[in-house]
There are 2 protein chains.
Amino acid sequence: MKKRMLFAQGGGPTAVINASLAGVLSEARRAGVEPMIAVGGIEGVLGGRFFSLEGMTEFDLAALRDTPGAGAGSCRYKLTEADYPQVAAVLRDRRIDYFFYNGGNDSMDTCHKVSRIAGDTRVVGVAKTIDNDLDLTDHCPGFGSAARYNAVTVRELGLDVRSLPIHVVVVELMGRNAGWLTAAAALARDENLRAPHLVYLPEVVFDEERFLDDVRAAQKTFGTGIVVAVSEGIRDADGHPVAESGLVDGFGHRVPGGTAQALSNILLRSGIRSRSEKPGLAARCSKLLVSDVDRLEAFESGRRSFLAAADGQSGMMIGLRRVTDDPYEIAYDDFDLEAVAGREKTMPKEMIAASGTDVTETFDRYARPLIGATLPSYYTIPYDRA
Amino acid sequence: MKKRMLFAQGGGPTAVINASLAGVLSEARRAGVEPMIAVGGIEGVLGGRFFSLEGMTEFDLAALRDTPGAGAGSCRYKLTEADYPQVAAVLRDRRIDYFFYNGGNDSMDTCHKVSRIAGDTRVVGVAKTIDNDLDLTDHCPGFGSAARYNAVTVRELGLDVRSLPIHVVVVELMGRNAGWLTAAAALARDENLRAPHLVYLPEVVFDEERFLDDVRAAQKTFGTGIVVAVSEGIRDADGHPVAESGLVDGFGHRVPGGTAQALSNILLRSGIRSRSEKPGLAARCSKLLVSDVDRLEAFESGRRSFLAAADGQSGMMIGLRRVTDDPYEIAYDDFDLEAVAGREKTMPKEMIAASGTDVTETFDRYARPLIGATLPSYYTIPYDRA
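Please read all numbers here as calculations on a predicted model, not as lab measurements.

## Overview of the overall build of chain A
1) Next: Secondary structure summary: chain A contains twelve helices and 13 strands in total.
2) Next: Over its C-alpha atoms chain A spans a radius of gyration of 22 Å, differing by no more than 12% from the 21 Å that the globule rule assigns to 386 residues.
3) Next: Viewed in the frame of its principal axes, chain A has a C-alpha envelope of about 75 × 40 × 35 Å.
4) Next: Taken over 386 residues, chain A has a buried fraction of 63%.
5) Next: Looking at chain A alone, contacts between residues at least 24 apart form 76% of all its contacts between residues at least 6 apart.
6) Next: Here chain A has roughly 13,900 Å² of accessible surface; of this, 48% comes from carbon and sulfur atoms.

## So, the packing of aromatic side chains
1) Next: Across all of its chains, the model carries 15 aromatic pairs over all chains by this definition.
2) Next: Arranged with centres 5.8 Å apart and planes meeting at 75°, the rings of Tyr200 of chain B and Phe206 of chain B form a pair that is edge-to-face.
3) Next: Members of the aromatic cluster, connected to one another through ring pairs, are Tyr98, Phe100 and Phe306 of chain A.
4) Next: Over the aromatic face of Tyr378 of chain B sits the side chain of Lys287 of chain A, whose NZ or CZ is 5.0 Å from the ring centroid.

## Considerations on the nonpolar core
Across soluble globular proteins, nonpolar side chains show a tendency to be buried alongside one another.
1) Next: Grouped together as the largest cluster of nonpolar side chains are 94 residues, with contacts concentrated most on Trp180, Met347 and Phe363 of chain A together with Trp180, Met347 and Phe363 of chain B.
2) Next: Discounting chain neighbours no more than four positions away, the residues touching Phe363 of chain B are Trp180, Ala183, Ala184, Leu187, Met347 and Met351 of chain B.

## Section: the pairing of strand 5 (residues 122-127) of chain B
All names here are of chain B.
1) Next: Burial runs high along strand 5: five of the six residues are buried.
2) Next: Sheet analysis places strand 4 (residues 98-103) next to strand 5, joined by six bridges and oriented parallel. Considered in strand 5, the bridge of Phe99 is made with Val123.
3) Next: Relative to strand 12 (residues 316-324), strand 5 runs parallel, the two being bridged by three bridges.

## Brief notes about the relation of the copies chain A and chain B
1) Next: In the superposition of chain A on chain B (RMSD 0.0 Å, axial shift 0.0 Å), the rotation amounts to 180°. The superposition of one copy onto the other is thereby described by a two-fold rotation axis.
2) Next: The share of interface residues of chain A whose copies in chain B are also at the interface is 100%, consistent with both copies meeting through the same surface.

## Here's the deal with the sheet that holds strand 2 (residues 34-38) of chain A
Residue and element names in this part refer to chain A.
1) Next: Judged by pairing direction, the sheet is mixed, and its seven strands sit side by side in the order 3-2-1-4-5-12-13 without closing on themselves. Each of the sheet's edge strands pairs with one partner strand only, and the pair in question is strand 3 (50-52) and strand 13 (329-336). Along the sheet, successive strands turn relative to each other by an average axial angle of 30°, direction set aside.
2) Next: Relative to strand 13, strand 12 (residues 316-324) runs antiparallel, the two being bridged by eight bridges. Bridge pairing in strand 13 links Arg322 to Ile330.
3) Next: Where helix 1 (residues 17-31) meets the sheet, its contacts fall on strand 1 (4-9), strand 2, strand 4 (98-103) and strand 5 (122-127), and the angle it forms with strand 1 comes to roughly 180°.

Definitions and cut-offs
- Residues numbered from 1 in each chain as written.
- Chains lettered and ligands numbered in written order.
- Predicted model: local features only at pLDDT ≥ 70, side-chain atom pairs only at ≥ 80, totals over all residues.
- Heavy atoms only, no water.
- Helix = DSSP H or I, 4+ residues; strand = E, 2+ residues; numbered from the N terminus.
- Rg over C-alpha atoms; globule rule 2.2 N^0.38 Å.
- Buried < 20%, exposed > 50% of the residue type's maximum accessible area, 1.4 Å probe, protein only.
- Contact = heavy atoms within 4.5 Å.
- Areas by Shrake-Rupley, 256 points an atom, 1.4 Å probe, with all protein chains shown as cover.
- Phe/Tyr/Trp six-rings, centres within 6.5 Å; stacked < 30°, edge-to-face > 60°.
- Lys NZ or Arg CZ within 6 Å of the ring centre and 35° of its normal.
- Core = buried A, V, L, I, M, F, W, Y, C linked by side-chain atoms within 4.5 Å.
- Pairing = 2+ DSSP bridges.
- Least-squares fit on C-alpha atoms with pLDDT ≥ 70 in both.
- Axes fitted to C-alpha atoms, helices over the stretch in contact; angles between N-to-C directions.

Right under this line is the structure:
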């Protein structure tokens, strides 16, 4: 009897999330396995909302690989104790041989728990998160593209405000507890373009007075056109978020938001001209700013996840191990889901500058290869170096 | 004696503003005219902050053409009565034969007034604004690229939230008084992707209750993943902006901002899950989302501005006249600066849907050719049409 696979996606999409799905599907096709998705993540599994992908052509597969947004639909649903037997029953009744769950921290926790009750179904986690906060793996598919977006966007913002009477632009970048994505904005710099001039990470306590001092010092050094990159999740000394969106997600986490506007308001109140930007979700769904390295790794993670399941593995996830920084080389390793589940990797001290408002060379060496091909370059008339 | 030209840029940059500068420079080079910029717009002229571009290579010129941000530096300075004689003196003393001022409404007003007191200097306005609110010209260089950015970004946002438990995403787009750029988000739609589901323009009075009704109706029709595009400048029935940034610009205009967050808060207070986005300046400085049509027209406008000045014209601006929509064909015409100066073109009624929350076919016919080559396409698994 033909074997069957089921694929589902949990949590927020990335620009390359469907590259992982395409990777799984490419191997399933080769192996003659019937491909299905559960629509809307683990909720779709629970509800038996399956959709067959037998009709997809090779052309569709290639187009899907390059499409942002969770192609199979997603969810932020936390399974209750009562749900697990139901998930097990669905996997058994629908005769699913391989189940793949594509997600971040919370989804890997779900995936781990499902793997324990899934009977004969092989359960493999496919790593995905723009936040780069999954533990053990060197980095995570989805991060490189969002990081590239942040670097290019901040570089272009720097060009825009370089010579304008906007004195300070504060740009809010995603990442609630981990600063990886905000730190990636620092990759925007080259010899002529110094944006972002200041970087505020959730790993560093935010202090309003120090912030004002930092901005005034940056204005003294660089003049006008200061770009401040700030993580949406920065917190004060008491651990309170500087701004909150008013939302609580399905896992009970309070959702930050409006942080750039809050910082811009602090500056305005002190008489410093400022405006705020929040590209938000655009960072995780821009097709044109996908990192080629990230896309390849997302596809490979999917492909190798299928091969692992077909090989009889279960309760594991394909992760990345750094072999060398320069030339950039990685290897794919197996990680036990139990070791990954529910853990969160924030930025280590050695990647954060002593000032607390910048990254270090160590971060640059780590992150630069992940954003892919050289960033777009620009010609600036050197009038300010005359 | 070798003739001399001076070029300056006023107001906010566009993604193709330097294509116009490159167009002027390409003809100046051919004519053997000495090229100079005034750094920082009309303030740079006033202060005599000149910078020679004699050293630029052809390669630099090509790279400058493709660089966003005001390459010559910009300003938002309104000349006082006392400044005009000083500007005239600078142009005379520095023996400027041709002066080009690249800007929008306010800059064309400045340019017009300078042309009247400039003595032997030929003064030509070079049109530029992402807002598309310059009168008489069919459209304005800079608009097509920002419009393309908005269409692609909203399409991708629609993909991202299509199947997520985020119910409504409100995205704030630039344009204080004219809705052209926000309307351009509607060009994002295709047969599968319906974002933006609602469009709020500054030409239409905003009403909170009606907004809640609109969103609830959209949720009924489309389910989750609603994208609302809103102009930063929407106002209520009393003419008050829905949100203000706290800034006043150099021309005394109050600067709107935070509108998407304000709308998102309205939804949250009514129990509708929502988040807000504000790509802001990114829309006017993305190199990858430049419209090829816009870039060519910006370059041509610059080139023809030089030729007009060299031909002895002054006090005029090169504008665009629509010949046919399909196939798209335009002609370049001369416009008297006096007729353009200080006027503002908002969206006409026939381009706004009767509902007040969408655009019409007339707008689509007008705007679609301006955003350039076909938008990126995406593959969506048709699970919701099963």
